[in-house]
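# Fold and geometry: a report
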Number of protein chains: 6
Amino acid sequence: MALCLLTFILVTFGLLSSFVSSFDPSPYQDFCIATSDSKAAVFVNGKFCKDPKLATADDFFLAGLNVSGNPLPGLGSFVKLADINSLPGLNTLGISLVRADFAPYGLIPPHTHPRGTEIIVVLEGTLYVGFLAPDTMNPFKTQSFTKILSKGDVFVFPQGLIHFQYNVGHTNATVLGALNSQNAGLIVVASELFGSNPPLLDDVLSKAFQLDKKMVKQLQGLFS
Amino acid sequence: MALCLLTFILVTFGLLSSFVSSFDPSPYQDFCIATSDSKAAVFVNGKFCKDPKLATADDFFLAGLNVSGNPLPGLGSFVKLADINSLPGLNTLGISLVRADFAPYGLIPPHTHPRGTEIIVVLEGTLYVGFLAPDTMNPFKTQSFTKILSKGDVFVFPQGLIHFQYNVGHTNATVLGALNSQNAGLIVVASELFGSNPPLLDDVLSKAFQLDKKMVKQLQGLFS
Amino acid sequence: MALCLLTFILVTFGLLSSFVSSFDPSPYQDFCIATSDSKAAVFVNGKFCKDPKLATADDFFLAGLNVSGNPLPGLGSFVKLADINSLPGLNTLGISLVRADFAPYGLIPPHTHPRGTEIIVVLEGTLYVGFLAPDTMNPFKTQSFTKILSKGDVFVFPQGLIHFQYNVGHTNATVLGALNSQNAGLIVVASELFGSNPPLLDDVLSKAFQLDKKMVKQLQGLFS
Amino acid sequence: MALCLLTFILVTFGLLSSFVSSFDPSPYQDFCIATSDSKAAVFVNGKFCKDPKLATADDFFLAGLNVSGNPLPGLGSFVKLADINSLPGLNTLGISLVRADFAPYGLIPPHTHPRGTEIIVVLEGTLYVGFLAPDTMNPFKTQSFTKILSKGDVFVFPQGLIHFQYNVGHTNATVLGALNSQNAGLIVVASELFGSNPPLLDDVLSKAFQLDKKMVKQLQGLFS
Amino acid sequence: MALCLLTFILVTFGLLSSFVSSFDPSPYQDFCIATSDSKAAVFVNGKFCKDPKLATADDFFLAGLNVSGNPLPGLGSFVKLADINSLPGLNTLGISLVRADFAPYGLIPPHTHPRGTEIIVVLEGTLYVGFLAPDTMNPFKTQSFTKILSKGDVFVFPQGLIHFQYNVGHTNATVLGALNSQNAGLIVVASELFGSNPPLLDDVLSKAFQLDKKMVKQLQGLFS
Amino acid sequence: MALCLLTFILVTFGLLSSFVSSFDPSPYQDFCIATSDSKAAVFVNGKFCKDPKLATADDFFLAGLNVSGNPLPGLGSFVKLADINSLPGLNTLGISLVRADFAPYGLIPPHTHPRGTEIIVVLEGTLYVGFLAPDTMNPFKTQSFTKILSKGDVFVFPQGLIHFQYNVGHTNATVLGALNSQNAGLIVVASELFGSNPPLLDDVLSKAFQLDKKMVKQLQGLFS
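What you see is a predicted model; the values in this text were computed from it and never measured. (Residues numbered from 1 in each chain as written. Chains lettered and ligands numbered in written order. Predicted model: local features only at pLDDT ≥ 70, side-chain atom pairs only at ≥ 80, totals over all residues. Heavy atoms only, no water.)

## Describing the overall build of chain A
Counting secondary structure elements, chain A contains 4 helices and 13 strands. By the burial criterion, 72% of the 224 residues in chain A qualify as buried. Expressed as a percentage of contacts within chain A between residues at least 6 apart in sequence, the contacts between residues at least 24 apart total 76%. Roughly 6600 Å² of accessible area belongs to chain A as shown, and the carbon and sulfur atoms make up 58% of that amount. (Helix = DSSP H or I, 4+ residues; strand = E, 2+ residues; numbered from the N terminus. Buried < 20%, exposed > 50% of the residue type's maximum accessible area, 1.4 Å probe, protein only. Contact = heavy atoms within 4.5 Å. Areas by Shrake-Rupley, 256 points an atom, 1.4 Å probe, with all protein chains shown as cover.)

## Observations concerning the sheet that holds strand 5 (residues 96-102) of chain D
The strand order across the open sheet formed by 6 strands is 3(C)-10(D)-7(D)-12(D)-5(D)-4(D), and the pairing between neighbours is antiparallel. Only two strands of the sheet have a single neighbouring strand rather than two, namely strand 3 (61-62) of chain C together with strand 4 (77-82) of chain D. Of the strand pairs in this sheet, strand 4 of chain D and strand 5 of chain D are connected by 6 bridges, and their pairing is antiparallel. Paired with Lys80 of chain D across the bridge in strand 5 of chain D is Arg99 of chain D. (Pairing = 2+ DSSP bridges.)

## Description of the pattern of salt bridges
Residue and element names in this part refer to chain E. Applying the stated criterion across every chain yields a total of 44 salt bridges over all chains. Note that Lys213 and Asp203 form a salt bridge whose closest N and O atoms lie 3.0 Å from each other. On the criterion of sequence distance, the pair formed by Lys213 in helix 4 (residues 213-223) and Asp203 in helix 3 (residues 202-209) is long-range, its members being 10 residues apart. Judged by its relative accessible area of 37%, Lys213 falls in the partly exposed class. (Salt bridge = Lys/Arg side-chain N within 4 Å of Asp/Glu carboxyl O.)

## A closer look at helix 3 (residues 202-209) of chain F
Residue and element names in this part refer to chain F. Within helix 3, 7 of the 8 residues are buried, which leaves it mostly tucked inside the rest of the structure. Of all the positions in helix 3, only Asp202, Val204, Leu205, Ser206, Lys207, Ala208 and Phe209 are classed as buried. In the segment just after helix 3, Gln210 is the residue with positive phi, at about 60°.

## A closer look at the domain arrangement of chain A
Interfaces are frequently sized by the accessible area removed from exposure as the parts join. By domain assignment, chain A separates into domain 1 (57-185) and domain 2 (187-223). Computed from C-alpha coordinates alone, the two centres of domain 1 of chain A and domain 2 of chain A are separated by 25 Å. (Domains from an automatic or database assignment.)

## Considerations on the relation of the copies chain E and chain A
Overlaying chain E with chain A gives an RMSD of 0.0 Å, the required rotation being 180° about an axis along which the chain moves by 0.0 Å. Viewed as a symmetry operation, the transformation between the two copies matches a two-fold axis. With an isologous cut-off of 70% or more, the 100% of interface residues of chain E that recur at the interface of chain A puts this contact in the isologous class. (Least-squares fit on C-alpha atoms with pLDDT ≥ 70 in both.)

## Topic: the interface of chain E and chain F
Listed by partner, the interface residues are 58 residues for chain E and 57 residues for chain F. Both sides of the chain E and chain F interface together cover about 4500 Å² of buried area, and 74% of this is carbon and sulfur. For the pair chain E and chain F, the number of links is 2 salt bridges. The salt bridge partner of Asp58 of chain E is Lys147 of chain F, with a shortest N-O separation of 2.2 Å. (Buried area = accessible area lost by both parts, 1.4 Å probe.)

## Describing the sheet that holds strand 10 (residues 154-157) of chain F
With antiparallel pairing, the 6 strands of this open sheet are ordered in space as 3(E)-10(F)-7(F)-12(F)-5(F)-4(F). Single-partner strands in this sheet number two, and they are strand 3 (61-62) of chain E together with strand 4 (77-82) of chain F. Inspection of the sheet shows strand 7 (residues 118-124) of chain F paired to strand 10 of chain F by 4 bridges, in the antiparallel sense. When the bridges of strand 10 of chain F are listed, Ile119 of chain F appears paired with Val156 of chain F.

## A look at the packing of helix 3 (residues 202-209) of chain C against helix 4 (residues 213-223) of chain C
Residues and elements named next belong to chain C. Taken N-terminus to C-terminus, the directions of helix 3 and helix 4 make an angle of 110°; their axes are 9 Å apart at the nearest point. Looking at the two axes, helix 3 sits roughly perpendicular to helix 4. Here helix 3 contributes Asp202, Asp203, Leu205 and Ser206 to the contact with helix 4, which in turn contributes Lys213, Val216, Lys217 and Gln220. Classifying every residue of the contact of helix 3 with helix 4 by side-chain character gives 2 nonpolar, 2 polar and 4 charged. (Axes fitted to C-alpha atoms, helices over the stretch in contact; angles between N-to-C directions. Parallel < 35°, antiparallel > 145°, perpendicular 65-115°, else oblique. Nonpolar A, V, L, I, M, F, W, Y, C, P; charged D, E, K, R; others polar.)

Put into structure tokens, the structure is as follows:
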């Protein structure tokens, strides 16, 4: 199952790669459609723009957000994005959409978006969702904010906080979300820590999670 | 019909009143839930925050985005918002959601959002949507970017540009959208210009729209 | 006259093409003078910079804001800009100037600036100016904020709101304004909606303005 | 004369006190008119807002920018502002205007605006203006960018750089300027350093300006 | 040891509670010293300001960043902050300092700062530090960026990415760091996930970390 | 001595050339390592990025902040930077570090950072530090905020305000500081005004500093 899970994470979140982002720099013009063919390996903060004379409605368009991929074995969820990588007209405009589908008991595991707040609405199914926040008055405690959501329910995950979505029903579930960045970023906590390349020193993971080193090695094997 | 239209605009967009917003100022803390009861008539840029010790998951939650109100006669559309006014947990977080429903040939008339880009996905039906942008190389021309959208299609309306959505099918249509502001603002062009209180000098409207003054008065009557 | 008006809009606002802008992204250096000759068709958010070693005082200089062009027949106004397109030293610095001249009864028709607040001072003459804002407590109403201005009077048009300036005196008038963007954008409401290319579907304009389709076609003819 | 100069600085720039500002935080609403009477001594970043229901056109209006005060003896210049302190409708909107009048050989001495770029246009007269910038390629050198300006000439002073305006003609001169902040700040270099209260340790000023301590004491007397 | 570790986290990071922050909203004035006594339970985005007439140098001052607390048993590290909570003059100014001390093999466990980039310099000792980033071209992989640092070495942890610091030497170590926020936030991954109150559903943690539920319960016991 | 002083300023602050910066535009991606070899003379706001596939830990690393250069004769201080010019991984991340060393009675002369607030901690020695701010209620007065600092003391210099650091002890002193910009800028008041190339008109300096023209010429000789 571990392999499936890993595969899932790769396949699911590969799509998500620059998923969230909020408070992007403001635009200097009405629009600046992203282009990648700007002569070889130069990069700027964000993307180069297409010649605005060549802009068409299709630059602001993307089809297919009504259909999902197959929920992956292991995690049982699938994610599809309309962000700067799939919708070049979003460049400099600071927003993106996401669709997530869940098989029964499917999970989008705990993660953060470094550059965006996420707001979701449930289209189908029943989900247990939530985020974690340090208690502002007593930093020695973490408070969880969780909720069971049904069709039509809306929930907010504030920027940078760890959050997750889990299908607690025995039917499929679908969520539509938005993030206030063209490229909000995605940090999947468990797979980053245990599956990084090169792997982290096991002392760090052992001490941080209070796991013995054999267990750490085992998890590193599962996630790598 | 004019009365219906007006009623529609009032009812529909009343809800929308501070609809769009992008590139809001960044937050200074993990969250800052809006509160209105801060002792009478003091206002700040944005909203006051609730004591974070009293925060609960319900502050980040809103139900009912799966159901619409009745599309209004006249325009034949209805809009429902999840923004700072209905979802206080959004305060300082720079994003909001919107659901729009259309009867056959229903319209959301041309408007702008001063503080937000909008991205939409069609849940049901067939819509003719678009925005208008001055040609960057030849400012003497306005270019329209329009598209017929079906289920699952995504489209972007860049910040501050005039845009609209029109149901060209003979069935109902539903759209879900997001704006990168907690309060993006809403400027409905026709009803603002012809329905303002006090009314604008008719010379201004007559010259701007190349309409004779009798026609201007008539429109002002319809929209006021 | 329609032709004249159109010509006017083209000629006058062509100059204005990226007229307004506020809250541009901050600079990363003391200055970054715009350059256009960076090898063909690459664009970034904003403009490329000139080599700072080659900067001179002339990059921050523009002559001629004391003289106007001829107020155009039809609208009777003329606009001259000191923005990123005419003053390359403004790049990344977030401000621009504008001079507007009015023949008797000359008009700058209702428009918005998507990226800037405008503040003006009257140098000569008497103008009726104003902007429109949705009522914050009762979004079913639009409030107009208008004022008759004389020499030395200052007025503010908040970012993104529809505003206009109209010479109500029988003498010429001149206004100097500033916008907090190097490229604030310009959306002239009437000419965008009725003069776009390709034209908008007449259903949209007819329903939005409560005009019959014959009238819509006639206006589209006048503005195109 | 020193006394006059000091008086001038106090009188002239007192008005200027928070003169410049650019890249202010974005607004959360269409406008937020500043109010000072919010119950005693509470302050926020910026200003409290007036109840938007009570907004009127006069909140966005200021008269009198066509007339100057008397150019002060000593410096021979006078400055008048339309900023957040005199025009409450500017709150959160990120822009302000300034009018400066110069007697023959009148000076606005070297100063910076910590929160704003300034752009000026000459209405009357002939001025020697400029700013100073560290050479980006060779930081061991400071480059001056200066220019003689006549009527209608426009010049830009980038944010945070030291700049000045000096009337080199034997007639009066008038300048109109704009800054991209509601409150850009004003740092008058000489009077701050030599006139602060309490005075700076003379070692610091002596070493920094390569002046003997007697001279430092003398200047501190003139400016205090 | 688990108890010690937990205690450590509480004690150490309690101090850190709003640790990181970058790209805070810009200031509207020269300074705005934070005050807490603004009449009971009202909060704004950030903090209220002290009356600027009452400002003193001590508002911008904090002593004691040369001494550490006792490295805690369990983790063997201690953190001390100069941020908005201990240094009120930092309000609206967007920066803070941090000092971290490590016993041999002491650890600051993997964490993120939602609102700030961190830059550190080693004052004493030898540390293994690093951060994790999703591979931009192949999101299926996480890349680790780690380094052994000695005295005088500087390292950067980009905003929002998971990072850690571990003393690999058998002597004490000390680090000084800065974050570009007055309140950057702190998300300690392991203790948030396994120690939250109320605890997360064990299904979520079990699936995310590929641990059996007995192990999850055990970890939740250790961290709660 | 003047020559020494000048040399000092050149050598010391040459390194500092774009020293400060706060509230840089936000990043669009996890990181964007600066590169200079992007084909000749093209510049953008900030820096071009390195291909993220080629990123290594060394891009985020800089050695040697534990050692100083020789305090220069004349001023007796030396400054070393970890900013965008020496640490390319800082690009778009909005922070930098600085180390300053002082011989007995060494001075960092009055200066501003146009794009950053600075926060310092004393590592060794005793310093007289401070900044100058216009009195907000009575702009006719400048208030100095000064303090004698010892080991472990922290002090804040708000963005854009004139500040200085002076070693009042008869032993060496060392300070570590941070600025919330990758390139905060540096304006050394005295050397900019009296040492600019080309030199400023002596009338301006004479009137501004109340020095006779002979004295102005003499100072211009010393600083040029």
